[in-house]
Amino acid sequence: MRKTTRRTILKTAAAAATVAALPINANAQSGEPIRIGILTPLTGAGGNDGPRMLKAMTAVFDEVNKQGGVLGRRIETVVEDDQTNPEAAVRAARKLIEVNKVPMILGTWASAVTAAVAPVCWESKTFLMTVSGADSITLLPHQGFLIRTQPTSKLQATAHGEFMLSQGAKRVGIIGIQAPFALPNKEHLENTLKPKGAEVVSHVIYEKDKPTYRSEIDQMMRGKPDYIYTNGYAPDTVVLLRDLYRAGIDMPKFAQSYAVPQATLDTIPPEVSTKVYTGQPSADIESPAYKLAADRTGDKEPDGYVSQATDWASMAVLTIAKAKEASGVAMKDNVRKICQGSGQKVYSAVEGLKVLAEGKEINYEGASGPCDFTDIGDILGCRFRYMHVVKGKLEFLKLV
Amino acid sequence: MEHYLVAMGVTAGIYAMMALGMNVIWGKAGLINLGLVGFFAVGAYTSGLLTLRLGWPIPLGIAAGTLVASLVGVLVAMITVRLRGDYLAIVTLGFAETMRIVMSNELWIANGTDGLSGIPGPFRQALGPHLFNLQFLGIVTAATVILFFLVERLVNSPFGRVLRGIRDDEQVVQVAGKNVVTFKIKAFAFGTAALGLAGALYGHFTSFIAPDLFAPLLTLYVKLSLLAGGLGNSIGAVVGAVLVVFFLESTRFIIPLVPGISAVQGAALRELLIAVALLVVLRFYARGLVPESIPQPPLPTAPPEAAVAIERVR
């Protein structure tokens, strides 16, 4: 009896405290935790990138939880593996939505997976954030329940084209994986190179999971390029780089930063990776968001995926704080209120929460860029960070 | 939770239909078809394209998907008719991969790797997601039950006996005067029709299909269903499919309970568990959980009358 009484008193006290604390967004963590769904590839082709993205997101949530959570509630993540397979991903997404009742899912990677998961999300009013770059993704009838931090093919290819021009490229040979971004990338590159007197001399598409790309390389070399634009993922790009080295082809090679992470470079001899340049969407050079992401993950130069995952987690927290509720609809309606506009610039979730608590408007500037979105959920524009490989190590080159 | 169970029920139903189709080709006729996901894709794409691009009504699209998958099945059967065992397995696997690669690269057919999105589902808008799933569970269950009885009827008929004969000893069947080739093609036609039907239903259920969906992973899950349930047995096929989906899904809830592992290790552990489960089934239930029962010919209990008569004469 005594026990029950004490409990009752405690409960009443806790409830009273919560009610009293709610309007001023107290630091005390009480009430149900806010569950956020994370659906990244942990196995399959994306198994290289998913774990890094997961780590970046949990790092942000941990930081927020240490500072007292959001709306006085802890953030809890529910992680599922999308297996880089649309069928398995849909099953996982349904579990997150129907069983864990998550208001949002962060992290789909492959475009086919995102396109398969997106209808499940918007039908159940769940918000989705993704890195999938295919132009077709944001054209889906998602009713605002989707944003992506990855620049469109057009933004990326135009920037990459300009970078290669600045390096003196005249004849560009493209060799890349078959993916939704393959063809649009080529077209946008052509459009960028043509007016400047350069051209795309060959375009070869290869299948994933091949042990060698020697014949594809020969096919590409037939156009006599002076600059190679590789357009694949990490597992195939490393095969490609080895084969280019074996073939004795010694010319500059451009790759997406996620295709040549430092982890890959550590597994190949430095000769193989000479003259490799990488690019990734990025925030300003002096952007504290990028530095914070680097400190948080212990990764000296976080790549595009790690930066973007950092931004999802931060935007998720800030939107919940702004909307004062954690639901898919609230996410959809409020996400643009914290990441664009004339509010005070903030560079991390914790910082943003403090400014929001003061009742001010905020504008989150992320590690992957300014994080400003169009109505269909594409990012408006961003800078690009270029690195080059020196003796097997990625080094900063410039920011455009 | 119940909505999730409904959605998983639909998945299990679709797996069961594929397992039933496979059972006719592999379980009964003994033809190892590793290209099942290819026929599944044909059904899904045919119905998806017809309803999306030409505005066909959904039932007609599904029927067309079933039919076209069956026709492709006949074609593949005619090409591979002289192959058996491993050779047939590798060629059919090649067929499924070819389908996937063609659909990835020929953008004009169905948007390549972007896939087909917005495939209509019956009353999707009017019902809302939860009722729609429930309705679809009804459709898939009905289709599975009908298919189950069709397969049962087929394998218990003289036709089914010939298929079993081909599986056990092709030459004996040939000596008995049966045209083995026609029987094999017919088995393929029926089995791939079931695969096409499953594919068409899947497309209308999820509203999105893309070449990446038709990776060998799905083939392996259905194969696993058959091995676990019992090859050559319709009940086994359905039980196996339900078990595989149950197992795939329940591991999601078990893994987080294992202390001290990260999410990445959990994902790997999940795949390991599936592999171990298969090994355990193969080791201890080599013929599946519900083994095929082959009706024994009736044995005479008493000596035949003629023999008795002869005995008397002596």
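Rules of the game
Residues numbered from 1 in each chain as written. Chains lettered and ligands numbered in written order. Predicted model: local features only at pLDDT ≥ 70, side-chain atom pairs only at ≥ 80, totals over all residues. Helix = DSSP H or I, 4+ residues; strand = E, 2+ residues; numbered from the N terminus. Buried ≥ 20, exposed ≤ 12 C-beta atoms within 10 Å, placed from the backbone. Contact = placed C-beta atoms within 7 Å. Rg over C-alpha atoms; globule rule 2.2 N^0.38 Å. Nonpolar A, V, L, I, M, F, W, Y, C, P; charged D, E, K, R; others polar. Domains from an automatic or database assignment. Pairing = 2+ DSSP bridges. Axes fitted to C-alpha atoms, helices over the stretch in contact; angles between N-to-C directions. Parallel < 35°, antiparallel > 145°, perpendicular 65-115°, else oblique. Left-handed = near helix turned anticlockwise from the far one by under 90°. pLDDT = per-residue confidence, 0-100. Right-handed = clockwise from strand over helix to strand, strands pointing away. Arc of directions from axis to C-beta.

A. Geometry of the overall build of chain B. Summing up its helical and strand segments, chain B has 13 helices and two strands in all. Considering only C-alpha atoms, chain B reaches an extent of 85 × 50 × 40 Å along its principal axes. Here chain B, with 314 residues, has 48% of them falling under the buried criterion. Here the contacts in chain B between residues at least 6 apart in sequence split such that 78% fall between residues at least 24 apart.

B. Quick look at the overall build of chain A. Of the regular secondary structure elements, chain A holds 13 helices and 14 strands. Taking 2.2 N^0.38 as the reference for a compact globule, 400 residues should give roughly 21 Å; the C-alpha atoms of chain A span a radius of gyration of 23 Å, in line with that estimate. If you line up chain A on its principal axes, its C-alpha atoms span 85 × 40 × 40 Å.

C. Up close: the interface of chain B and chain A. On the side of chain A, 31 residues touch chain B, which itself brings 31 residues to the contact. Put simply, the parts of the chain that give the side of chain B that touches chain A at least two residues each are α1 (2–28), α4 (85–105), α10 (216–229), α11 (234–254) and α12 (263–284) of chain B. For the side of chain B that touches chain A, the per-class residue count stands at 16 nonpolar, ten polar and five charged.

D. Representation of unusual backbone geometry in the model. Residue and element names in this part refer to chain A. The phi dihedral of Thr 84 is positive, around 50°, even though this residue is not glycine. On the secondary structure map, Thr 84 appears in the loop between β2 (75–81) and α3 (86–99). Although it is not a glycine, Cys 371 sits at a positive phi angle of roughly 55°. Here Cys 371 lies in the loop between β12 (362–364) and β13 (383–390). Taking the C-beta count within 10 Å as the criterion, Cys 371 has 27 such neighbours and is therefore assigned buried.

E. Spotlight on the domain arrangement of chain A. Residues and elements named next belong to chain A. For chain A, the assigned domains are domain 1 (32–152 + 294–364) and domain 2 (153–284 + 383–399). Distance between the C-alpha centres of domain 1 and domain 2: 29 Å. Counting from both sides, the interface comprises 14 residues of domain 1 and, opposite them, 19 residues of domain 2. Along the lines of polarity and charge, the residues of the side of domain 1 that touches domain 2 split into four nonpolar, six polar and four charged.

F. Region of the structure containing the environment of B:Ser70. All names here are of chain B. The topology assignment puts Ser 70 in helix α3 (residues 58–79). Spatially, the C-alpha atom of Ser 70 lies 35 Å from that of Thr 251, the residues being 181 residues apart in sequence. Residue contacts for Ser 70: discarding those within four places in its chain leaves Ala 189, Thr 192, Ala 193 and Gly 196.

G. Up close: the sheet that holds strand β4 (residues 127–130) of chain A. Residue and element names in this part refer to chain A. Judged by pairing direction, the sheet is parallel, and its five strands sit side by side in the order β2-β1-β3-β4-β5 without closing on themselves. Edge strands, defined here as strands with exactly one partner in the open sheet, are β2 and β5 (146–148). Between one strand axis and the next, the sheet turns by 20° as a mean value, whatever way the strands run. Across two bridges, strand β1 (residues 34–40) lies against strand β3 (residues 104–108) in parallel orientation. The residue of β3 that forms the bridge with Gly 37 is Ile 105. Here helix α11 (residues 304–323) sits on the sheet in contact with β1, β2, β3 and β4, set at roughly 170° to β3.

H. Focus on the packing of α1(B) against helix α6 (residues 124–156) of chain B. All names here are of chain B. At their nearest, the axes of α1 and α6 sit 9 Å apart, and the two run at 20° to each other. Between α1 and α6, the angle falls in the class roughly parallel. Crossing handedness for the pair α1 and α6: left-handed.

I. Inspection of the sheet that holds β13(A) at higher detail. Residues and elements named next belong to chain A. Read from one edge of the open sheet, seven strands run β7-β6-β8-β9-β10-β13-β14, paired in mixed fashion. Of all the strands in the sheet, just β7 (199–206) and β14 (393–399) have a single pairing partner and so form its edges. Between one strand axis and the next, the sheet turns through 25° on average, direction left out of account.

J. Representation of the confidence of the model for chain A. Residues and elements named next belong to chain A. For chain A, per-residue confidence averages 88 on the pLDDT scale, and 92% of positions sit at 70 or higher. Of all helices and strands in chain A, the one with the weakest mean pLDDT is helix α1 (residues 2–21) (53), whereas β4 scores best (96). Counting contacts from residues 18–28, a segment whose pLDDT is below 50, to residues more than four positions away or on other chains yields 15 contacts.

K. View of the pairing of strand β8 (residues 227–231) of chain A. Residues and elements named next belong to chain A. When you tally the buried positions in β8, you get five out of five residues, the bulk of the element. Covered by surrounding structure in β8 are Tyr 227, Tyr 229 and Asn 231 together with Ile 228 and Thr 230, the residues of both alternating faces. Note that β8 and strand β9 (residues 253–256) share two bridges and pair parallel. Pairing of Tyr 229 across the sheet is with Phe 254, part of β9. Of the crossover connections in this fold, the one passing from β8 over helix α8 (residues 234–246) to the parallel β9 is right-handed.

L. Just the confidence of the model for chain B, in detail. Residue and element names in this part refer to chain B. In this model, chain B carries a mean pLDDT of 90, and residues with pLDDT of at least 70 account for 96%. The secondary structure element of chain B with the lowest average pLDDT is helix α13 (residues 305–313), at 68, and the one with the highest is α3, at 96. In the predicted assembly, ipTM is 0.83 and pTM is 0.84.

M. Representation of the packing of α10(B) against α12(B) in the model. Residues and elements named next belong to chain B. For the pair α10 and α12, the least separation of the axes is 9 Å and the interaxial angle reads 35°. Crossing geometry of α10 relative to α12 is assigned as left-handed. Where α10 abuts α12, its residues Leu 224, Leu 227 and Ala 228 lie against Leu 278, Val 281 and Leu 282. Tallied by class, the residues present in the contact of α10 with α12 amount to six nonpolar, no polar and no charged.

N. Inspection of the environment of A:Lys125 at higher detail. Residues and elements named next belong to chain A. Position of Lys 125 among the secondary structure elements: in the loop between α4 (111–123) and β4. Residue classification places Lys 125 among the partly exposed positions, given that 17 C-beta atoms sit within 10 Å. Taking the C-alpha atoms as reference, Lys 125 lies 49 Å from Gly 223; in sequence the two are 98 residues apart. If near-sequence neighbours (up to four positions away) are discounted, Lys 125 is found in contact with Phe 145, Gly 328 and Val 329.

O. Representation of the pairing of β14(A). Residues and elements named next belong to chain A. Relative to β14, β13 is paired through six bridges, and the arrangement is antiparallel. The residue of β14 that forms the bridge with Tyr 386 is Lys 398. Here β13 folds back onto β14 in antiparallel fashion, the turn holding two residues, of which Lys 391 has a positive phi close to 50°.

P. Helix α7 (residues 158–168) of chain B, seen in detail. All names here are of chain B. Three or more residues of α7 are buried, namely Val 162, Leu 163, Gly 165 and Ile 166. What you see down the axis of α7 is that its buried residues fit within an arc of 160°, all on one side. On its buried side, α7 packs onto α1, α8 (170–175) and α9 (180–206).

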